[in-house]
Amino acid sequence: MSVVQAKSLNEAEELLNSGMVKKVELAFSINSDEFFKLALECGDRGAKITKGKKFFVITLKKWVIPSNETPASKSNVLM
């Protein structure tokens, strides 16, 4: 399984919300507030965060593809 690198917090959130990738490497300098916000949101979805050689890696347990009929809410989309 390949790891996709995100170069910003917005890109990381978009990749995780897309349902297209299972692993995202946070290949940028992230501050503690951004990290814990992302960790809480990902943890609610059952994600695991590990420390790679240089950056953190977020691994989703399962791919989530929201249906087009379901309106976005905090429970099914990262903010």
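In this text the structure is predicted, and so the values were computed from the model without any measurement.

*Asks:* Quick question: what am I supposed to make of the environment of E41 here?
*Replies:* Following the sequence through the fold, E41 ends up in helix α2 (residues 32-44). For the pair E41 and E13, spaced 28 residues apart in sequence, the C-alpha to C-alpha distance is 9.8 Å.

*Asks:* Can you help me understand the sheet that holds strand β1 (residues 4-6) in this one?
*Replies:* Backbone-to-backbone hydrogen bonds pair the strands of a sheet. The strands run either parallel or antiparallel. Read from one edge of the open sheet, four strands run β1-β2-β4-β3, paired in mixed fashion. Since the sheet does not close on itself, it has two edges, and those belong to β1 and β3 (48-51), each with one partner. On average, adjacent strands in this sheet sit at an angle of 30° to one another, irrespective of strand direction. Bridging between β1 and strand β2 (residues 23-26) involves three bridges; their strand directions are parallel. Paired with A6 across the strands is L26, a residue of β2.

*Asks:* For this particular structure, what's the right way to read the pairing of strand β4 (residues 56-59)?
*Replies:* Working note: regular strand, side chains alternate between the two faces of the sheet. Relative to β4, β2 is paired through three bridges, and the arrangement is antiparallel. For K23, the partnering residue across the bridge sits in β4 and is T59. Note: β3 against β4, four bridges, orientation antiparallel. In the sheet register, T50 faces β4, and the bridge partner there is V57.

Criteria and thresholds
Residues numbered from 1 in each chain as written. Predicted model: local features only at pLDDT ≥ 70, side-chain atom pairs only at ≥ 80, totals over all residues. Heavy atoms only, no water. Helix = DSSP H or I, 4+ residues; strand = E, 2+ residues; numbered from the N terminus. Pairing = 2+ DSSP bridges. Axes fitted to C-alpha atoms, helices over the stretch in contact; angles between N-to-C directions.

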